[in-house]
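# Structural overview
The lines below spell out each chain.
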Amino acid sequence: MKVQRVADPSEFEATLASTLSSAAGRVFVVVFGTEEAATGESWCPDCITSDPLIRKAVLTVKHSVLVEVPAGDRATYRDPKNFYRNHEQLKVSAVPTLYEFGKDGKVAKKLVESEITTASLAEFVQ
């Protein structure tokens, strides 16, 4: 599994397009609450719980790429104008959200927040 990180919303489209064109395997995108500087952990408890489950599942997919997309600190994420909440395809309603993008650049499937479980992830990556 290769991991890419989007440092800023302005880089999302270019990073996704580049990843989709160069990836030998499937491309997964996880949108999560940004890590706090003081702790190094996300402000989002569900994100902390889901992160190792997502990584373990995606790791089972040959030549997969996981694109990490921090949605901002709590205030930035909750802002109705948040880039990821308003993105044409993502329309993030809760974090974490895991997407699989097809080579055509469209969302093929997604899991949102409490839907992310070991069982659902095993099915998601099949």
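Shown above is the structure to which this text applies.
Definitions and limits used
- Residues numbered from 1 in each chain as written.
- Predicted model: local features only at pLDDT ≥ 70, side-chain atom pairs only at ≥ 80, totals over all residues.
- Heavy atoms only, no water.
- Helix = DSSP H or I, 4+ residues; strand = E, 2+ residues; numbered from the N terminus.
- Rg over C-alpha atoms; globule rule 2.2 N^0.38 Å.
- Buried < 20%, exposed > 50% of the residue type's maximum accessible area, 1.4 Å probe, protein only.
- Contact = heavy atoms within 4.5 Å.
- Areas by Shrake-Rupley, 256 points an atom, 1.4 Å probe, with all protein chains shown as cover.
- Lys, Arg positive; Asp, Glu negative; His and termini not counted.
- Charge placed at Lys NZ, Arg CZ, Asp CG, Glu CD.
- Pairing = 2+ DSSP bridges.

Our next topic: the overall build of the protein chain. Within the protein chain, the regular secondary structure consists of 5 helices and 5 strands. Starting at the N terminus and ending at the C terminus, the protein chain contains elements arranged as β-α-β-α-β-α-α-β-β-α. For a compact globule of 126 residues, the expected C-alpha radius of gyration is about 14 Å, and the protein chain comes in at 14 Å, within 12% of that figure. Overall size of the protein chain, expressed as C-alpha extent along the three principal axes, is 35 × 30 × 25 Å. Across the 126 residues of the protein chain, 44% fall into the buried class. Restricting the contact set of the protein chain to residue pairs at least 6 apart, pairs at least 24 apart contribute 60%. Accessible surface for the protein chain amounts to roughly 6800 Å². Of this, 53% is attributable to carbon and sulfur atoms. Taken together, the 15 basic and 17 acidic charged side chains of the protein chain have centroids lying 5 Å from each other.

The next subject is the pairing of strand 4 (residues 97-101). On any regular strand, side chains alternate: one points to one face of the sheet, the next to the other face. For strand 4, the buried fraction is high: 5 of the 5 residues fall into the buried class. Here strand 4 shows no split at all, with T97, Y99 and F101 on one side and L98 and E100 on the other all buried. Relative to strand 4, strand 2 (residues 27-32) is paired through 5 bridges, and the arrangement is antiparallel. Its bridge partner being in strand 4, V30 is matched across the sheet by L98. Two elements, strand 4 and strand 5 (residues 107-112), share 5 bridges in a ladder whose sense is antiparallel. Its bridge partner lying in strand 5, F101 is registered against V107. Hairpin geometry of strand 4 and strand 5 is characterised by an intervening segment of 5 residues between the two adjacent antiparallel strands and by a positive phi of about 85° at G105.

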